[in-house]
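# Overview (structure and organization)
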Amino acid sequence: MAAKKTPAAKNPDAGAAKSLPGLLRSVLASPQSEQVIKSQMLGMARKNLHVPEVVEALVESLPKVKDKETRDALLGLIASIDTSRFASIEGLHDAFIGVFKNEKERAVRTALMARLQEGLHQDERLAGFFLDVLAEPVLNDQERQAAVQAVASLATVSEATAILALKRCQGGDASIQSTAVALAERCPAWGDGLVGALEPYLDIKRDKGLRLRILQRLAKAKSLTPAYVPLLAQVLRNDPDESARGSALETLQFIKPWGGEVIEQLLWTGSKDASIPLRKRAVALQAEGPELSEEQLTALAGQLGSDRSTGVRTGILGVLKDYARVAKVREAVAEAFASNPSVFDDGEFRALVDFLAPYAGRDAGIRTRLLKAAETLPKASQRNTVLELVLPKVKADAVLESLLRLFRKERDAGIRQTLFTLLKPLSVDRHPALVKVFCAELTEPSSPFRLDCAGALVTSPESHEEIVAAFEDVLANDSDRELIRTCLDGYLRPNVEKSFEVLVGVVRNEIVDTGSRQRCLDEIFKLELNAAQQKELTGVLSGIKPDTLRTPK
């Protein structure tokens, strides 16, 4: 009797199919398996794709296959299978991702991303995968393009996703950059982070159409935050294309709220842009703008010290001129001025000093800053501007220390005259600090203030040894009659100790007027002279014409 046939005996392929999954797992991943055997196993698998276990074994084997030929063949086989045949779509994607992470060949990586993109609507984890891919620093343009296109196909685009795409694509070609910008356009709102990521795309080296596209998108927003100002300022200051600058300028008016940085940019464009229409439009926008708050005005004043653009600072002062009475604004302007006064050109400098000078008499901080600047400014014209505008507002005795420092350091004749005019009426008795300065001028042969200094010192030699020494220096070395007469008025005061050498020197000096010589001679006879001094005096008198000077009988 013939033996009963089993189902496998009736269908030999059925038995092979049952053992095939295990064989696929062991053969495909084994480095010892010959290539021909692996090819045969894949051929058998292709005939049994209707068996779920075979498909599952292929997916499980994919990340474990090391040789390129088998891996490529296996990828092609899996890619040909409809996704509905896989028991777990997540498992399939995990397999693809596992291969992608170890794959070096660019074309294979790109193909894997294209295959994974098809599953974005089925597996939400893939969005994170593509964002991670975008973060890789070694992508080529094809890989980056594939990743961006995948992310762009998402149903929704978050700001974080758009930012990452923009950052990763800014080094790509124009088409890749355009894709990243298109992704950003799908964000419902452009926040500060997105604005920062867009900034490199407005560089003048970028495609003009792309730059205009971004600017038009900004203009459509109508209500923009101050975070957009640096982005627009970059275009307005650096873009050679007039239409791009025009778009940025029109967009600037939609910034809400306006701050000092907006005013500053309008001032810059209004004074520096090469286009006459744009300069006119910038001026018009300044007039149309809202009134600034005290905080905004203070911030704008602070920019005087940081902006190095010629003309902008003068424009800022023009905006602030009606707000000088606001203490915080004045303080900010004074601080900006003091930070580096020499950086301002003459027009800006005068405008600054003119702004602050009216308050120099009442505000010690402003007064100190202005006068300190006058000590360090390298240009005489600017030092003179400070003094011309500030000194009429202050009392000389209230700023005496500063005036004396200025006078000692100053070399410009006109400025020294201005300063001395303030110092001259002051009393040396009330202000002893004047003594040293006046004595230095008195003993300086080139000083034009010697006679005035002598007159100021003449009443106080008893109190200051420096005055006596200065008088003696003049009497011993000078021949100017009026100067000597004035110095003698002080030197011959009763309580001043006289020097025989100084007095006899005047007597001997025939250029000096007779009255002064006689006064000195009279004073000598009041002294107790030693033999040498008596002998010297006798010699001096013997050389004088008879009846020129009177001697005691």
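Residues numbered from 1 in each chain as written. Predicted model: local features only at pLDDT ≥ 70, side-chain atom pairs only at ≥ 80, totals over all residues. Heavy atoms only, no water.

## Brief notes about the overall build of the protein
In terms of regular secondary structure, the protein is built from 32 helices and zero strands. Its C-alpha atoms give the protein principal-axis dimensions of about 185 × 60 × 35 Å. Here the protein holds 553 residues, and 47% of them are scored as buried. Within the protein, contacts between residues separated by at least 24 positions form 65% of all contacts whose residues are at least 6 apart in sequence. For the protein, the accessible area works out to roughly 27,400 Å², and carbon and sulfur atoms hold 52% of it. Averaging the coordinates of the 74 positive side-chain charges in the protein and doing the same for the 75 negative ones gives two points 5 Å apart. (Helix = DSSP H or I, 4+ residues; strand = E, 2+ residues; numbered from the N terminus. Buried < 20%, exposed > 50% of the residue type's maximum accessible area, 1.4 Å probe, protein only. Contact = heavy atoms within 4.5 Å. Areas by Shrake-Rupley, 256 points an atom, 1.4 Å probe, with all protein chains shown as cover. Lys, Arg positive; Asp, Glu negative; His and termini not counted. Charge placed at Lys NZ, Arg CZ, Asp CG, Glu CD.)

## Concerning the side chain of Ser33
With respect to the helices and strands, Ser33 occurs in the loop between helix 2 (12-28) and helix 3 (35-47). In terms of polar contacts, Ser33 uses its side chain to reach the backbone carbonyl oxygen of Val27, at 3.1 Å. Excluding residues within four positions of it along the chain, Ser33 makes contact with Ser26, Val27 and Lys38. (Polar contact = N/O pair within 3.5 Å; in protein donor to acceptor, adjacent residues only side chain to side chain.)

## So, the environment of Leu166
With respect to the helices, strands and loops of the structure, Leu166 is situated in helix 10 (residues 159-169). Owing to a relative accessible area of 0%, Leu166 belongs among the buried residues under this scheme. C-alpha separation for the pair Leu166 and Ser178, spaced twelve residues apart in sequence, amounts to 9.6 Å. If we ignore the near neighbours within four places in the chain, the residues touching Leu166 are Ala180, Val181, Ala184, Leu194, Ala197, Leu198 and Tyr201.

## With respect to helix 30 (residues 500-508)
Burial in helix 30 covers these residues: Phe500, Val502, Leu503, Val504, Val506 and Val507. Buried residues in helix 30 make contact with helix 28 (465-477), helix 29 (481-491), helix 31 (514-524) and helix 32 (531-542).

## With respect to the environment of Ala374
Residue position: Ala374 is located in helix 22 (residues 364-376). For Ala374, a relative accessible area of 2% gives the class buried. C-alpha of Ala374 to C-alpha of Thr385: the two residues are eleven residues apart in sequence and 8.8 Å apart in space. Look past the residues within four positions of Ala374 in its chain and what remains in contact with it is Arg383, Val386 and Leu406.

## Points about helix 7 (residues 106-117)
Counting along an α-helix, one turn takes 3.6 residues, and residues three or four places apart therefore face a common direction. Between its terminal C-alpha atoms helix 7 stretches 16 Å, which fits the 16 Å expected from twelve residues at 1.5 Å a residue. Considered for burial, the residues of helix 7 that qualify are Val108, Arg109, Leu112, Met113, Arg115 and Leu116. One side of helix 7 holds all its buried residues, which, seen down the axis, span an arc of 160 degrees. (Expected span 1.5 Å × (residues − 1). Arc of directions from axis to C-beta.)

## Structural notes on the confidence of the model for the protein
On average, residues of the protein score 83 in pLDDT, and 93% of them reach the 70 mark or higher. Between residues 1-15, whose pLDDT stays under 50, and residues either more than four places distant or in other chains, the model counts one contact. (pLDDT = per-residue confidence, 0-100.)

## Here we look at the nonpolar core
Counting residues in hydrophobic clusters, the biggest one holds 177 residues, and the most contacted among them are Leu58, Phe130, Leu320, Val333, Phe438 and Leu442. Top contributing element to this core by residue count: helix 6 (residues 89-102), with seven residues. Leave out the neighbours within four places in its chain, and Leu58 touches Leu24, Leu28, Leu42, Ala45, Leu49, Leu74, Leu77, Ile78 and Ile81. (Core = buried A, V, L, I, M, F, W, Y, C linked by side-chain atoms within 4.5 Å.)

## Describing the side chain of Glu441
Here Glu441 is to be found in helix 26 (residues 433-442). Here the side chain of Glu441 touches Arg416 through a polar contact of 2.6 Å, side chain to side chain.

## Remarks on the packing of helix 9 (residues 141-152) against helix 11 (residues 174-185)
Packing of helix 9 against helix 11 leaves a shortest axis separation of 10 Å and a crossing angle of 20 degrees. Viewed along their axes, helix 9 and helix 11 adopt a mutual orientation that is roughly parallel. Pair helix 9 / helix 11 crosses with left-handed handedness. Contacts between helix 9 and helix 11 involve Asp141, Arg144, Gln145, Val148, Gln149, Val151 and Ala152 on the former and, on the latter, Ser175, Ile176, Thr179, Ala180 and Leu183. In the contact of helix 9 with helix 11, the residues fall into six nonpolar, four polar and two charged. (Axes fitted to C-alpha atoms, helices over the stretch in contact; angles between N-to-C directions. Parallel < 35°, antiparallel > 145°, perpendicular 65-115°, else oblique. Left-handed = near helix turned anticlockwise from the far one by under 90°. Nonpolar A, V, L, I, M, F, W, Y, C, P; charged D, E, K, R; others polar.)

## Regarding the environment of Arg115
Counting through the fold element by element, Arg115 comes out in helix 7. Taking the relative accessible area as the measure of exposure, Arg115 reaches 11% and is therefore buried. Expressed as a C-alpha distance, the spacing of Arg115 and Ala79, which sit 36 residues apart in the sequence, is 7.6 Å.

## A short note on unusual backbone geometry
Of note, the bond from Lys256 into Pro257 is cis; its omega dihedral lies within 30 degrees of zero at -5 degrees. Structurally, Pro257 is set in the loop between helix 15 (242-252) and helix 16 (260-272). The residue Asp547 is not glycine, and still its phi comes out positive at about 70 degrees. Relative to the elements of secondary structure, Asp547 occurs in the segment after helix 32.

## What about the packing of aromatic side chains?
Scanning all chains against the criterion turns up five aromatic pairs. With centroids separated by 4.3 Å and ring planes inclined at 15 degrees, the aromatic side chains of Phe420 and Phe449 adopt a geometry described as stacked. Placement of the pair is Phe420 in helix 25 (residues 413-423) and Phe449 in the loop between helix 26 and helix 27 (450-457), with a sequence separation of 29 residues. The pair formed by Phe420 and Phe449 is uniform in burial state, with each residue classed as buried. Of note, Arg330 hangs over the ring of Tyr359, and the distance from its end group to the ring centre comes to 4.2 Å. One Lys or Arg, Arg416, reaches over the ring of Phe407 and ends 4.3 Å from the middle of that ring. (Phe/Tyr/Trp six-rings, centres within 6.5 Å; stacked < 30°, edge-to-face > 60°. Lys NZ or Arg CZ within 6 Å of the ring centre and 35° of its normal.)

## Here's the deal with the packing of helix 10 against helix 11
Following both chains from N to C, one finds helix 10 and helix 11 inclined at 165 degrees, their axes separated by 9 Å at the closest point. Looking at the two axes, helix 10 sits roughly antiparallel to helix 11. Note that helix 10 runs across helix 11; the crossing there is left-handed. Residues Thr161, Ala162, Ala165, Leu166 and Cys169 of helix 10 form the contact with helix 11, whose participating residues are Ile176, Gln177, Ala180, Val181, Leu183 and Ala184. Counted by class, the contact of helix 10 with helix 11 contains nine nonpolar, two polar and no charged residues.

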